[in-house]
Amino acid sequence: MRRSKDGRGGRSLAPVLLAAPVLLAALVASAPAWADAAPGATACTGCHGPAALGSAIPSLDGHAAADIVAQMQAFRSGEREATVMDRIARGFTEEETRAIAEWLAKPEAARHAQP
């Protein structure tokens, strides 16, 4: 295989630079459309997404927004003990919590639908 070299005998960056727009377009096309997600909501799916099924961390798929809000309030007040969720819940206002819960309560396909 022949390698590209620049005029000084080093490897050329031309193949990388030529491929960059294609790679960027592929990343954008494959990225979920989370533009309508409430601030902070997408971070929740990292632990509570579909991959959480079968783990100690419960998936939030199929939960109603009111249930998610109630659990966040319980974590915030200390009624429900947690290792990290109590601190996370305290970081959001009531309004932010409701917005996050409403987004999380949407079916997964709706959360990832392209605009």
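Residues numbered from 1 in each chain as written. Predicted model: local features only at pLDDT ≥ 70, side-chain atom pairs only at ≥ 80, totals over all residues. Heavy atoms only, no water.

### Quick notes on the overall build of the chain
The secondary structure content of the chain amounts to 6 helices and 0 strands. When the elements of the chain are put in sequence order from the N terminus, they spell out α-α-α-α-α-α. Taking all 115 residues of the chain together, the buried fraction comes to 23%. Pairs at least 24 residues apart make up 55% of the contacts formed inside the chain by residues separated by at least 6 positions. Split by element, the accessible area of the chain, about 8200 Å² in all, is 62% carbon and sulfur. (Helix = DSSP H or I, 4+ residues; strand = E, 2+ residues; numbered from the N terminus. Buried < 20%, exposed > 50% of the residue type's maximum accessible area, 1.4 Å probe, protein only. Contact = heavy atoms within 4.5 Å. Areas by Shrake-Rupley, 256 points an atom, 1.4 Å probe, with all protein chains shown as cover.)

### Concerning the state of the cysteines
Here a disulfide denotes a covalent bond joining the sulfur atom of one cysteine to the sulfur atom of another. For the structure shown, the criterion picks out 0 disulfides. Among the cysteines around Cys44, which has no disulfide bond, Cys47 carries the closest sulfur, lying 8.7 Å off. The class for Cys47 is partly exposed, based on a relative accessible area of 44%. (Disulfide = S-S within 2.5 Å.)

### Quick notes on the nonpolar core
If you look at the biggest cluster of nonpolar residues, it comprises 16 residues, and the most contacted ones within it are Ala41, Ile68, Met72, Ile100, Trp103 and Leu104. Of all the elements in the fold, those that place two or more residues in this core are helix H2 (41–48), helix H3 (65–77), helix H4 (85–90) and helix H5 (94–104). (Core = buried A, V, L, I, M, F, W, Y, C linked by side-chain atoms within 4.5 Å.)

### A word on the packing of H2 against H5
Running from N to C, H2 and H5 point in directions that differ by 55 degrees, and their axes come no closer than 9 Å. Our classification of the angle between H2 and H5 gives oblique. Like other packed secondary-structure pairs, H2 and H5 cross with a definite hand, here right-handed. Residues Ala41, Thr42, Cys44 and Thr45 of H2 form the contact with H5, whose participating residues are Ile100, Trp103 and Leu104. Its residues assigned to classes, the contact of H2 with H5 comprises 5 nonpolar, 2 polar and no charged. (Axes fitted to C-alpha atoms, helices over the stretch in contact; angles between N-to-C directions. Parallel < 35°, antiparallel > 145°, perpendicular 65-115°, else oblique. Left-handed = near helix turned anticlockwise from the far one by under 90°. Nonpolar A, V, L, I, M, F, W, Y, C, P; charged D, E, K, R; others polar.)

### Description of the environment of Arg80
Position of Arg80 relative to the elements: it lies in the loop between H3 and H4. Dropping the residues within four chain positions of it, Arg80 is found in contact with Gln71, Ala74 and Phe75. Among the polar contacts listed, one links the side chain of Arg80 to the side chain of Gln71, at a separation of 2.4 Å. (Polar contact = N/O pair within 3.5 Å; in protein donor to acceptor, adjacent residues only side chain to side chain.)

### So, the side chain of Ser59
Within the secondary structure, Ser59 is located in the loop between H2 and H3. Relative accessible area serves as the criterion here: at 10%, Ser59 is assigned to the buried category. A distance of 3.1 Å separates a polar atom in the side chain of Ser59 from the backbone nitrogen of Asp61.

### Quick look at the packing of H3 against H5
Between H3 and H5, whose axes approach to 8 Å, the crossing angle comes to 140 degrees. Regarding the angle of H3 to H5, the classification is oblique. Both H3 and H5 take part in a crossing whose hand is right-handed. Of the residues in H5, those touching H3 at Ala65, Ile68, Val69, Met72, Gln73 and Arg76 are Glu94, Thr97, Arg98, Ala101, Glu102 and Leu104. For the contact of H3 with H5, the residue count by class is 6 nonpolar, 2 polar and 4 charged.

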